[in-house]
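Given next are the chains, with one letter for each unit.
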Amino acid sequence: MIEVNGLKKVFQLSKKQMKVNKTSEKYKVAVDGIDFKVYDNEIFGLLGPNGAGKTTTLRCLSTLIAPSSGTIKVNGYDCVKDPLEVRSQLAFLTSELKLDTHFTPDYTTRFFGKLHNMDEALIERRMNHLFDYFGVTPFRFTKIADLSTGMKQKLSIAVSLIHDPNLIIFDEPTNGLDIITAKAVTDYLLELKSKGKTIIISTHMMHVAEKLCDRIGIIMDGRIKAIGSLGEILLSTGQGSLEDSFFMLYESNRGEENV
Amino acid sequence: MFRSLLLIAKKELRRVFTDRRLIITSFILPMVSIAIIYSLMGIMIGRAEDDIMTHVTRLSGENVPASIQEMIKADPTIDLSIESLSRNDVEKLLLNGDIDYHIIFDADFDSKILNFQSGEVPLVTGLYSPKHDYSMQANYKVSSLLENYRHITLANRLGDESFIQVYNMESNEIEIPDEDKGIDRGFASMIPLLVSIFIFAGAMGIGIDSIAGEKERGTMASMLITPIDRSLIIGGKILSLSVVALISMSSSFMGVLISIPFSARIFSSTGSFEFSQLAMSSLDLGLFFISMIGLVGMYVTMIAVLSMIANSVKEAGAYITPAYMLVMISGFMNMFGSSDGSKIFEFIPIYNNLISMNKILSGDGSVTLALITLLTSVAVTLIMLLIARGLMEKEKVVFPS
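The rules behind these values
Residues numbered from 1 in each chain as written. Chains lettered and ligands numbered in written order. Predicted model: local features only at pLDDT ≥ 70, side-chain atom pairs only at ≥ 80, totals over all residues. Heavy atoms only, no water. Axes fitted to C-alpha atoms, helices over the stretch in contact; angles between N-to-C directions. Helix = DSSP H or I, 4+ residues; strand = E, 2+ residues; numbered from the N terminus. Parallel < 35°, antiparallel > 145°, perpendicular 65-115°, else oblique. Left-handed = near helix turned anticlockwise from the far one by under 90°. Contact = heavy atoms within 4.5 Å. Nonpolar A, V, L, I, M, F, W, Y, C, P; charged D, E, K, R; others polar. Buried < 20%, exposed > 50% of the residue type's maximum accessible area, 1.4 Å probe, protein only. Pairing = 2+ DSSP bridges. Buried area = accessible area lost by both parts, 1.4 Å probe. Polar contact = N/O pair within 3.5 Å; in protein donor to acceptor, adjacent residues only side chain to side chain.

A. Structural context of the packing of helix α5 (residues 120–134) of chain A against helix α6 (residues 149–160) of chain A. Residues and elements named next belong to chain A. The interhelical angle for the contact between α5 and α6, taken along N-to-C directions, is 150 degrees, at an axis separation of 10 Å. With respect to α6, the axis of α5 lies roughly antiparallel. Classified by chirality, the crossing of α6 by α5 is right-handed. Every residue of α6 that contacts α5 at Leu130, Phe131 and Phe134 is listed here: Met151, Lys154, Leu155, Ile157 and Ala158. Here the contact of α5 with α6 is composed, by residue class, of 7 nonpolar, no polar and 1 charged.

Have a look at this one:
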C-alpha cells in the first residue's frame with residue numbers, strides 16, 4: 001500500500017525560470033499538501049491538466065526528488081529514509097528517462113537487471129518474456145539508436161519492468177505513442193493488475209482514466225479536488241461523466257483562484 | 001556495493017571501447033597527430049637550423065684590410081664582396097635579404113692598428129638585419145672572426161701568443177653515479193607537462209559526455225531509479241574515467257615516443273635521445289607512478305564535479321576550460337621553473353606531482369616528496385569525491401528539469 005500524507009513540493013525558481021514564467025515569486029508550489037492512499041492490486045490514476053502537479057507527485061513517489069514536507073510510504077518504507085528499499089519495489093516509467101542509444105536492448109536490459117541484483121538466469125527469463133510480449137525480440141541485438149520511437153518506448157517499459165516490481169508508476173503511459181503501441185501498453189497494465197500488481201498512472205486523458213483506473217484522484221494546482229472510484233466521483237460532483245465532473249471541478253477551482 | 005561500482009564502471013568502459021568513433025578520436029587520433037606534429041616540428045626545425053648553419057654568408061665590405069680578407073677567404077661559409085655602398089642601399093639590401101652582413105672598416109685601419117701607441121683605435125662598423133636568420137647568424141660569424149683577429153693582433157703586439165694567455169682553465173664534468181643520472185634534462189622537464197596535459201585532455205572529453213551528457217540525454221535518471229546508492233553511480237563513472245585517462249595518456253605518450261627519432265632535436269637538451277635512458281629503477285618507476293596516479297585521481301574527480309554542476313555538455317565544457325588552463329599553467333611553470341624552488345611548492349597539489357616527476361626523471365627522485373604528493377593528491381581526490389557524492393544527492397543537480 002502507498003500512503004501519501006501532506007505531500008508538499010516547493011521549487012525554487014532561477015532568475016531565468018522567473019522570467020519565462022513571468023513571475024516575481026522566487027518559489028513555486030508544485031504540490032500543495034496532498035493526501036491519498038493507493039491500495040494493493042488497484043490501478044490508481046492521477047488526472048489533471050498540465051502543470052497540476054501529477055509528474056512532481058510521481059517523481060516524489062519514485063524517490064527521484066524529495067518532498068519539501070509530508071511523508072510517502074511505500075509498503076511501509078519511507079521514500080526519504082529508505083529510498084533504496086522503495087526503489088527496489090517499484091518501476092517508474094516516464095518519457096524523460098532515456099536509454100543509452102549506443103547499446104543493444106539485450107545489453108541494456110541485462111545491465112538494469114544486474115542493478116536490481118537479479119541473477120543471470122532470472123534476467124534471461126524475464127527478458128525473454130518481456131521482449132516477446134512487446135515484440136522487442138527481433139531487435140534484441142540491434143542498436144537502440146536504430147529502433148523506431150515506438151520500439152524504444154516498448155523497450156523502456158521492458159527495461160523498467162525487468163525486476164518484476166510490485167508497484168508500477170507510469171507517467172502519462174500513452175503519451176506520444178501510436179494507437180497500436182498505446183493499446184499494447186494499456187493492455188499490459190491490465191495484465192499486470194491481473195497478476196496482483198499495484199499501478200499508479202498520471203494522465204490528462206479522460207478515456208485512459210475511465211478505462212484503466214479503479215480509483216482516480218483529480219489534481220489541480222497541486223491540490224486533490226476529488227478522489228474515489230469513477231462512480232464515487234460522479235456522485236460527489238453530481239455529473240454524468242468524468243469529463244463533466246472534471247470541468248465542473250476545473251471551473252470551481254478557477255473561481256476559487258479568482259476569489 | 002563493490003559489485004555495483006564495478007558494474008557501472010564496466011558499462012562506462014563498454015560505452016567507450018565499443019564505440020569506434022570514440023576509440024579513434026580519443027585514443028588513436030591523438031597518438032597519430034602527436035607523432036606526426038612532433039615529428040614534423042623536429043624535422044622542420046632541424047632543417048631550418050641546418051639551413052642556417054650551412055648557408056654561405058653573403059658579406060659585403062668596404063675598406064676590408066688584406067689580412068682580414070685572407071681570414072674570410074679561409075672560411076668557406078663566408079662569401080665576401082668588396083663594394084662601396086650608401087647606407088640606404090645597404091639597409092635596402094639587408095632588408096630584402098640580398099646580403100646578410102655589411103662591414104665597413106676605417107680607410108686607415110691597418111695604419112691605426114700598426115700605430116696603436118698613438119691611442120687612436122680604428123672603427124669597424126657592422127650592419128645586419130635582426131629580421132633575418134641568415135643575417136643574425138652572419139653577425140655571430142663576423143663577431144667571432146674579428147675576435148680571432150683581435151687575439152692574433154694582441155699576440156703580435158706582445159711578441160708571443162702566450163702573453164695573452166692569463167691562465168689555463170680546465171672545466172671537467174664530475175662522474176655521476178648511474179642511479180642519479182636520470183634522463184636528458186630537456187625530456188625530464190617536458191615529460192611531466194605532457195603527462196599532466198594528456199591525462200586531463202584524455203579524461204575531459206569522455207568525462208563531460210559520461211556525466212553532463214548523460215544528464216542532458218536523460219540516461220542518468222534511468223539509473224537513479226534503480227536500488228543503487230547514487231554515490232556508486234558517480235563512483236563507477238569516476239573509476240572508469242580514470243582507466244580511460246590512463247589509456248588515453250599512454251596512447252598520446254606513445255605518439256611522443258614514436259616522434260623521438262625526429263623530435264629529439266627540439267626536446268632534448270643535447271639534441272639526441274636514447275630510449276635506453278627511460279629504463280628507470282623499479283623504485284623510480286614506483287615513485288613516478290605514485291606521482292602520476294595522483295594527478296589522475298585529482299583531474300578525474302575535478303572533471304566529474306564540474307560536469308555534474310553543468311546542465312549540458314556545452315556548459316560543462318565552459319566550466320572545465322579554466323581548470324584545463326590551470327593544468328597547463330602549472331605544467332609550464334614546472335617545465336620552465338628552477339629545479340631548486342621553494343619547499344612550499346612541494347606541498348601544492350598538482351604542482352608537487354609535477355615537481356616529483358621532474359625530479360625522478362632527473363635522477364633526484366625522493367620518496368618523501370612522492371609520499372607528500374600521494375597525501376595531497378589523496379586529500380584533494382577525497383574532497384572532490386565527497387563534493388561529487390553530495391552533488392548526487394542534490395535533485396537540482398541530478399534532475400534539473
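B. Summary view of the pairing of strand β8 (residues 198–203) of chain A. Residues and elements named next belong to chain A. With 6 of 6 residues buried, β8 is to be regarded as a mostly interior element. Covered by surrounding structure in β8 are Thr198, Ile200 and Ser202 together with Ile199, Ile201 and Thr203, the residues of both alternating faces. Sheet topology places strand β3 (residues 43–47) next to β8; 5 bridges connect them, and they run parallel. By the bridge assignment for β8, Phe44 is matched with Ile200. Pairing analysis gives 5 bridges linking strand β7 (residues 167–171) to β8, with the strands arranged parallel.

C. Looking closely at the interface of chain B and chain A. Contact with chain B, which involves 25 residues of that partner, is made by 28 residues of chain A. Here chain B packs against chain A, burying approximately 2600 Å² in sum over the two surfaces, 61% of which is carbon and sulfur. For the pair chain B and chain A, the interface holds 10 residue pairs in polar contact (both at pLDDT 80 or more). Secondary structure elements with two or more residues in the side of chain B that touches chain A: α1 (2–17), α9 (219–224) and α15 (395–398) of chain B. Among the elements that take part in the side of chain B that touches chain A, α1 of chain B stands out by supplying 6 residues, more than any other. Broken down by class, the residue content of the side of chain B that touches chain A amounts to 9 nonpolar, 6 polar and 10 charged.

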